[in-house]
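For reference, the chains in residue letters:
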Amino acid sequence: MSLLDSSFWEVFLASLSPEIWKDLWGPIGETLYMTAISSLIMLVFGIVIGILLDITNPNGLIPLKVSYTLSGWLINCLRSLPQMIMIILMIPVARLIFGKSYGTNACIIAIAASCIPMYARIVESSLLEIDKGKIEAAQAMGSKNISIILKVLLPETLPSLIRGFTVSVITVLSMTALAGMFGAGGIGDIAVRYGYQRFQHDRLFACVYILVILVQLIQGIGNLVSKRILKSRNLI
Amino acid sequence: MSAYLQIKDLHKTFYPHGQPLKVLDGIDLDVEKGEIFGIIGFSGAGKSTLACCINRLEKADSGTIELGGTDILSLSKDQLLKQRHKMGMIFQNFNLFDSMTVYQNIAYPLEISGVPPKEIKQRVSETAELVGLTEKLKAHPGALSGGQKQRVGIARAIVTKPDFIISDEATSALDPQTTIQILDLLKEINQKYGITILMITHELDAIRYTCNRMAVLEGGKITESGLVRDIFENPHSKTGELFAKVFMLFQSPEFTKGEGI
Ligand SMILES: Nc1ncnc2c1ncn2[C@@H]1O[C@H](COP(=O)(O)OP(=O)(O)OP(=O)(O)O)[C@@H](O)[C@H]1O
Ligand SMILES: [Mg+2]
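Residues numbered from 1 in each chain as written. Chains lettered and ligands numbered in written order. Predicted model: local features only at pLDDT ≥ 70, side-chain atom pairs only at ≥ 80, totals over all residues. Heavy atoms only, no water.

Asks: What should I look at first to understand the overall build of chain B in this one?
Replies: When helices and strands are tallied, chain B shows 10 helices and 10 strands. Taken against the 2.2 N^0.38 rule, which gives 18 Å for 261 residues, the C-alpha radius of gyration of chain B at 18 Å falls within 12% of a compact globule. For the C-alpha atoms alone, the extent of chain B along its principal axes is close to 50 × 50 × 45 Å. With 261 residues in all, chain B has 56% of them scored as buried. Contacts in chain B between residues at least 24 apart in sequence constitute 68% of all its contacts with a sequence separation of at least 6. Counting every atom, chain B has about 12,000 Å² of accessible surface; 50% of that belongs to carbon and sulfur. (Helix = DSSP H or I, 4+ residues; strand = E, 2+ residues; numbered from the N terminus. Rg over C-alpha atoms; globule rule 2.2 N^0.38 Å. Buried < 20%, exposed > 50% of the residue type's maximum accessible area, 1.4 Å probe, protein only. Contact = heavy atoms within 4.5 Å. Areas by Shrake-Rupley, 256 points an atom, 1.4 Å probe, with all protein chains shown as cover.)

Set out below in structure tokens:
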């Protein structure tokens, strides 16, 4: 059903019909799969790079001015690329790994690559929030740098790290929709193929509901977990 | 016999915004074993910088620091970590780890110095008892009052059985009653275990209550040092004079019971 020949209300009612939704469960699964795997890759690399940025900072645990400046510059370059271009740039990489440059797995590479620099920056800013006195205390007790990172820096900033991860997962989700245009499947694919190319606006509407619900859900879970932690520490 | 902590001609210059700022300009200091030695000075006098030079959180430019016969400034990285296990530090803002319980906070210095788990348990409960925190071991620092937090800070500093503790404004964030309790606790651990304490503060009452000897830090130098009583009665430096004047104004009967006078 299209907005071109039906009223908004009719399209809205049609968008709730089981007929449309029965074709959506598969794409929802694909979207969740892409979001989950991309987020996981983003989490691992983002945390590691974020930690490196934080500790090589001129005021960090192991100041390395040249490396900090260079990696900061590189990350800014990567972040200034529009996501669409990142996907295109990642096509050869995906081909190298999976043997083909389209499909869900190939797009996961592109999404992760595009979101890692952003998430690394978010991790860095979370880690920078730590009260310097805590690091000083840990050092005064004779902590090795590795114990400071693992036992002090990460646990102390955990609630902020979780909030940053939540925001980033939502960015990943919105990118999976974009990647749908490049054969990644998922909700984005449906929205483009039916909503844009065939003017089936009822399907487009359904896709929007799903994305809205997923974003609310992710944000809600993130808020809940970080609040729980703060509460268990008697900080709120 | 030479002193336990011996600082000679210590210099430290910072370069905020590229301009040199001489914070320590030839510090000479002797602290005897087993005493609580006070250092007083106005805000920005360089007290914390001096403290941080002693455990090398800050790198001194020149001079020597000898602690119990160890030349602190020439220690290698590994030796420095071992040395730090043997000296505690207490902070104005407590600097406890919010992610850990009180128990974990006190256990942390033992964990990182490789003490076996069984011994950790015993040492933590002993220390918690000493500072009066047995009931609070499962709480997080966020649930404690300022005085209780500082007790955790002290427990954490003494749990490794150090010979030496630096207390940097340990009571400056506390109310007068809590201050006295914390100072009593410091005196107790000093007497019980013979731990030498370097007590840095801008509160003259705290020094008078706790210390026998003290030094005044002013303009990057130790402008006078000696018995607390002498300095208060006959100050020779600007800071000393000012503190003595303030003391006359605010002389409180509660503190005159202390050992300083
Ligand atoms: N890392 C640093 N970089 C630049 N300047 C510094 C640094 N640390 C301290 N300073 C400066 O050195 C001076 C002495 O600081 P310090 O913290 O030692 O004073 P303090 O006597 O402990 O003061 P307070 O009583 O306020 O704690 C101050 O002017 C401060 O701004
Ligand atoms: Mg200070």
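Asks: What should I look at first to understand the domain arrangement of chain B in this one?
Replies: One frequent convention defines the size of an interface as the accessible area lost when the parts assemble. Residues and elements named next belong to chain B. In terms of domains, chain B is made up of domain 1 (1-86 + 164-233) and domain 2 (96-161). Using C-alpha coordinates to define each centre, domain 1 is positioned 24 Å away from domain 2. Listed as interface residues are 14 residues of domain 1 and, on the opposing side, 12 residues of domain 2. Both faces considered, domain 1 and domain 2 share a buried interface measuring about 1,100 Å² in area, 74% of it formed by carbon and sulfur atoms. Interface area lost by domain 1 to domain 2 is led by His 85, Ile 182 and Leu 185, which between them contribute 45%. There are 0 salt bridges connecting domain 1 and domain 2. The tally of links from domain 1 across to domain 2 stands at 2 residue pairs in polar contact (both at pLDDT 80 or more). Examining the composition of the side of domain 1 that touches domain 2, we find that 9 residues originate from one element, helix α6 (residues 176-193), more than from any other. For the side of domain 1 that touches domain 2, the class distribution of residues is 9 nonpolar, 3 polar and 2 charged. (Domains from an automatic or database assignment. Buried area = accessible area lost by both parts, 1.4 Å probe. Salt bridge = Lys/Arg side-chain N within 4 Å of Asp/Glu carboxyl O. Polar contact = N/O pair within 3.5 Å; in protein donor to acceptor, adjacent residues only side chain to side chain. Nonpolar A, V, L, I, M, F, W, Y, C, P; charged D, E, K, R; others polar.)

Asks: I'm lost on the packing of helix α9 (residues 158-179) of chain A against helix α11 (residues 201-232) of chain A in this one. Help?
Replies: Angle between the axes and distance between the axes are the two parameters that describe a pair of packed helices. Residues and elements named next belong to chain A. Running from N to C, α9 and α11 cross one another at 170°; their axes reach a closest spacing of 8 Å. In terms of orientation, α9 lies roughly antiparallel with respect to α11. Within the contact between the two elements, α9 uses Leu 158, Pro 159, Ile 162, Arg 163, Thr 166, Val 169, Ile 170, Leu 173 and Ala 177 and α11 uses Leu 211, Leu 214, Val 215, Ile 218, Gln 219, Gly 222, Val 225, Ser 226, Ile 229 and Leu 230. Residues of the contact of α9 with α11, tallied by class, amount to 14 nonpolar, 4 polar and 1 charged. (Axes fitted to C-alpha atoms, helices over the stretch in contact; angles between N-to-C directions. Parallel < 35°, antiparallel > 145°, perpendicular 65-115°, else oblique.)

Asks: What is the right way to read the state of the cysteines from this model?
Replies: What makes a disulfide is a covalent bond joining the sulfur atoms belonging to two cysteines. Residue and element names in this part refer to chain B. Under the defined criterion, the tally for this structure stands at 0 disulfides over all chains. No disulfide involves Cys 52; its sulfur sits 7.4 Å from the nearest other cysteine sulfur, which is in Cys 53. Not engaged in a disulfide, the cysteine Cys 211 finds its nearest cysteine sulfur in Cys 52; these two sulfurs lie 19 Å apart. (Disulfide = S-S within 2.5 Å.)

Asks: Just checking my understanding: could you explain the pairing of strand β10 (residues 221-227) of chain B for this structure?
Replies: Residues and elements named next belong to chain B. With 6 bridges joining them, strand β9 (residues 213-218) and β10 adopt antiparallel strand pairing. Residue pairing for β10: Ala 215 is matched across the bridge by Ser 225. The turn linking β9 back onto β10 is made up of 2 residues, and Gly 219 within it adopts a positive phi angle of 55°. (Pairing = 2+ DSSP bridges.)

Asks: What is the right way to look at the pairing of strand β4 (residues 62-67) of chain B in this model?
Replies: Regular strands place side chains that alternate from one sheet face to the opposite one. Residue and element names in this part refer to chain B. Pairing of strand β1 (residues 5-14) with β4 involves 5 bridges; the strand directions are antiparallel. For His 11, the partnering residue across the bridge sits in β4 and is Ser 62. As defined by bridge partners, β4 adjoins strand β5 (residues 70-71) across 2 bridges and the pair is classed as antiparallel. Across the sheet, Glu 66 pairs through a bridge with Asp 71, a residue of β5. Following β4, the chain reverses through 2 residues before pairing antiparallel with β5; Gly 68 in that reversal takes a positive phi of roughly 55°.

Asks: In this structure, what is going on with the sheet that holds β1 of chain B? I would like to understand it.
Replies: Residue and element names in this part refer to chain B. Taken in spatial order, the 4 strands line up as β2-β1-β4-β5 in an open sheet, and their pairing is antiparallel. Pairing within the sheet leaves two strands with one partner each, and these edge strands are β2 (21-31) and β5. Where helix α1 (residues 47-54) meets the sheet, it contacts β1, β2 and β4, and its direction lies at approximately 120° from that of β1.

Asks: Whenever I open this one, the side chain of Asp 202 of chain A confuses me. Can you help?
Replies: Along the chain, Asp 202 of chain A turns up in helix α11. When residues no more than four places from it in sequence are discounted, the contact partners of Asp 202 of chain A are Met 1, Val 11, Ala 14, Ser 15 and Ile 20 of chain A.

Asks: How should the site of ligand 1 be read in this particular structure?
Replies: Residue and element names in this part refer to chain B. Looking at ligand 1, the residues that line it are Phe 14, Leu 21, Val 23, Phe 42, Ser 43, Gly 44, Ala 45, Gly 46, Lys 47, Ser 48, Thr 49 and Glu 169. A distance of 2.6 Å separates an oxygen atom of ligand 1 from a polar side-chain atom of Ser 43. In the environment of ligand 1, an oxygen atom lies 3.2 Å from a nitrogen or oxygen atom belonging to the backbone of Ala 45. Protein contacts shield 62% of the accessible area of ligand 1, which totals 640 Å² for the unbound molecule. Mapped onto the shell around ligand 1, the elements with two or more residues apiece are β2 and α1. Ranked by the residues each element gives to the shell around ligand 1, the list is headed by α1, at 3 residues. Considered class by class, the residues forming the shell around ligand 1 number 5 nonpolar, 5 polar and 2 charged. (Near = heavy atom within 4 Å.)

Asks: Sorry, what's going on with the interface of chain A and chain B here?
Replies: Tallying the contact residues gives 22 residues for chain A and 23 residues for chain B. The largest per-residue losses of area from chain A upon contact with chain B belong to Ala 140, Met 141 and Lys 151 of chain A, which jointly make up 30% of the total buried on that side. At the junction of chain A with chain B, the criterion picks out 2 salt bridges. Taking the shortest distance from any N to any O, the salt bridge between Glu 111 of chain B and Lys 151 of chain A comes out at 3.6 Å. Our enumeration of links across chain A and chain B arrives at 7 residue pairs in polar contact (both at pLDDT 80 or more). When contributions to the side of chain A that touches chain B are tallied by element, the ones reaching two or more residues are α7 (132-140) and α8 (145-156) of chain A. For the side of chain A that touches chain B, the leading source of residues is α7 of chain A, giving 7 residues. Its residues placed into classes, the side of chain A that touches chain B shows 8 nonpolar, 7 polar and 7 charged.

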